[in-house]
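A closer look at the structure
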Amino acid sequence: MPNISVVVLTGLSGAGKSVAANALEDIGFYTIDNLPLVIIEKFVDIIFDFNVEINKIALVIDSRSKNFEKIYEIIKLLKDKYYAEVVFLTSDNQTIINRYKETRRKHPMGDDLPEAIKSEKEGMSGVKDISDIVLDTSVYNVHQLSAVIEDYFKDATASSIYITVQSFGFKYGIPAESDLVLDVRFLKNPHFVKEFRDLTGVDTEVRDYIFKDKRTKEMLKKIKPLFDFLLPNYVTEGKKFLTVSIGCTGGKHRSVAIVEEIGKYLEKKHKNKIYIKHRDIDRS
């Protein structure tokens, strides 16, 4: 089989698929949006069977076809037959509503926007479950989403597994895209120290405060060997993307400091491409 990368870009309407598709096109993917479902398999077959000079394909497949069962079948087939990487973009309801109000476009599932969003989420849930990457775009602007997509795929051949290590606040919910979740709320909380309250875990004073806690050092002694064990086994299993989410109460202090430490460790020890993200660092 020819060495061709296939990416399926899917998810919720209004979650940023057009932006993501443009980002993939900018890094060399032959991008096709909204190809009829009955044609998709034949198109990919042609690319593979006739040695067409295309080595990276991105297919945007979403609910515009209004056939959720067929969407699932096609995407599952592309995963099983051509080892396609499936990227599912999602967002919270209010963000999607705001985006539709700005663009004044019609949602493919109907005019009643809240009901349309609910229907689409239910219909696409099976696709989300089999996706390799789930990105909540609520916290991204256009430029940030483009950068994230480019970071995921532009150096895909340079690393055996692409790792995202992100901090978050449990009060805002666990990130939907998480493969592994770590709770560090047991560590001393800088929020209760007046001079640290407006700082974050990337500030030296806060980091020093957190790392003076003996439990922080003990935790890292246990976590680092766990990653040393897991990563080679994930690579052997064929996993290409891993999202590690580390949470504290608000996602501003403890989780941020731990993510910075774990990210640097993984990059140095395992030589993998690491993307560090602090989802809730700017929230109050």
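Residues numbered from 1 in each chain as written. Predicted model: local features only at pLDDT ≥ 70, side-chain atom pairs only at ≥ 80, totals over all residues. Heavy atoms only, no water.

For helix α4 (residues 93–103), every residue scored as buried is listed here: T95, I96, I97 and Y100. If you follow the buried residues of α4, they end up packed against α5 (113–123). Capping the start of α4, D92 holds a side-chain oxygen 3.3 Å from the backbone nitrogen of Q94, two or three residues further along. In the segment just after α4, R104 is the residue with positive phi, at about 60°. (Buried < 20%, exposed > 50% of the residue type's maximum accessible area, 1.4 Å probe, protein only. Helix = DSSP H or I, 4+ residues; strand = E, 2+ residues; numbered from the N terminus. Contact = heavy atoms within 4.5 Å. Polar contact = N/O pair within 3.5 Å; in protein donor to acceptor, adjacent residues only side chain to side chain.)

The next thing to look at is the pattern of salt bridges. Taken as a whole and judged by the stated rule, the model has 17 salt bridges. With its nearest N and O atoms 3.6 Å apart, the salt bridge here joins E41 to K81. Here K81 lies in helix α3 (residues 68–82) and E41 lies in helix α2 (residues 37–49), a separation of 40 residues in the sequence. Residue classification places E41 among the partly exposed residues on the basis of a relative accessible area of 27%. Its relative accessible area of 36% is what places K81 among the partly exposed residues. A network of salt bridges, in which partner residues are shared, links K17, D33, D62 and R64. (Salt bridge = Lys/Arg side-chain N within 4 Å of Asp/Glu carboxyl O.)

Turning next to empty space enclosed by the protein. Per the stated rule, a full pass over the model turns up one cavity of 30 Å³ or more. Taken as a whole, the largest cavity holds about 40 Å³ of empty space. Lining the largest cavity, in full, are L135, Y140, Y152, T164, Q166, E177, T243, Y275 and K277. Looking at the lining of the largest cavity, the elements with two or more residues in it are β6 (162–169) and β9 (274–278). Across the lining of the largest cavity, the residue classes break down as four nonpolar, three polar and two charged. (1 Å grid on protein atoms, 1.4 Å probe; cavity = no way out; pocket = protein on both sides within 12 Å on 5 of 7 lines; lining within 4 Å. Points joined across faces, edges and corners; volume = space filled by probe spheres on them. Nonpolar A, V, L, I, M, F, W, Y, C, P; charged D, E, K, R; others polar.)

Now for the side chain of S255. Structurally, S255 can be placed in helix α10 (residues 254–270). Not counting the four nearest positions on each side in its chain, S255 is found in contact with S167, F168, V184, I246, G247 and C248.

Take helix α1 (residues 17–26) next. Along α1, the residues that are buried comprise K17, A20, A21, A23 and L24. Projection of α1 onto a plane perpendicular to its axis shows the buried side chains occupying an angular sector of 160°, all on one side. Where α1 is buried, its residues contact β1 (5–11), β2 (30–33), β3 (56–60), β4 (85–90) and α7 (142–153). Positive backbone phi, at 100°, marks G28, one or two positions downstream of α1. (Arc of directions from axis to C-beta.)

In short, geometric facts, not functional conclusions.
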